[in-house]
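# Notes for the structure review
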Amino acid sequence: MRVIVDRERCVAAGSCVITSPAVFDQNDEDGKVVLLIGTPDEKLREEVLESVNVCPVAALSVAD
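Residues numbered from 1 in each chain as written. Predicted model: local features only at pLDDT ≥ 70, side-chain atom pairs only at ≥ 80, totals over all residues. Heavy atoms only, no water.

- Under an unreviewed UniProt entry, the name given to the protein chain is Ferredoxin, and the source organism is Streptomyces atratus.
- Per UniProt, the protein chain has the following entry under Function (unreviewed entry): "Ferredoxins are iron-sulfur proteins that transfer electrons in a wide variety of metabolic reactions." (UniProt positions renumbered as here; feature names shortened; annotations may be inferred.)

In structure tokens:
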């Protein structure tokens, strides 16, 4: 699984950080998403997919 982030679309809601803190963080300056792990382990799949689903502006996606 590969995580794809669209920082231009991100509105800094922080939902991804709440649901998957091992994979996502927020930039200190603008609050936008920072991808910590671009290809997370399979054990993180469910929480990453939850982050994709809860993002209010669809700034996250995954590719298998």
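### Considering the nonpolar core
- One finds Val3, Cys16, Val23, Phe24, Val33, Val48 and Leu60 to be the most contacted residues of the largest nonpolar core, which totals 14 residues.
- When contributions to this core are tallied by element, the ones reaching two or more residues are helix 1 (15-19) and helix 2 (45-54).
- Residues contacting valine 48, with those up to four places away along its chain left out, are Met1, Val3, Ser20, Val23, Pro40 and Val62. (Core = buried A, V, L, I, M, F, W, Y, C linked by side-chain atoms within 4.5 Å. Buried < 20%, exposed > 50% of the residue type's maximum accessible area, 1.4 Å probe, protein only. Helix = DSSP H or I, 4+ residues; strand = E, 2+ residues; numbered from the N terminus. Contact = heavy atoms within 4.5 Å.)

### What about the pattern of salt bridges?
- In total, this model carries three salt bridges according to the counting rule given.
- Between arginine 7 and aspartate 30 there is a salt bridge; the shortest N-O distance is 3.2 Å. Residue arginine 7 is found in the loop between strand 1 (2-5) and helix 1, and its partner aspartate 30 is found in the loop between strand 2 (24-26) and strand 3 (33-35); the two are separated by 23 residues along the sequence.
- A relative accessible area of 39% means that aspartate 30 is categorised as partly exposed.
- A salt bridge links arginine 45 to aspartate 64; the shortest N-O distance between them is 2.8 Å. Residue arginine 45 is found in helix 2, and its partner aspartate 64 is found in the segment after strand 4 (60-63); the two are separated by 19 residues along the sequence.
- Here aspartate 64 falls in the exposed class, since its relative accessible area comes to 78%. (Salt bridge = Lys/Arg side-chain N within 4 Å of Asp/Glu carboxyl O.)

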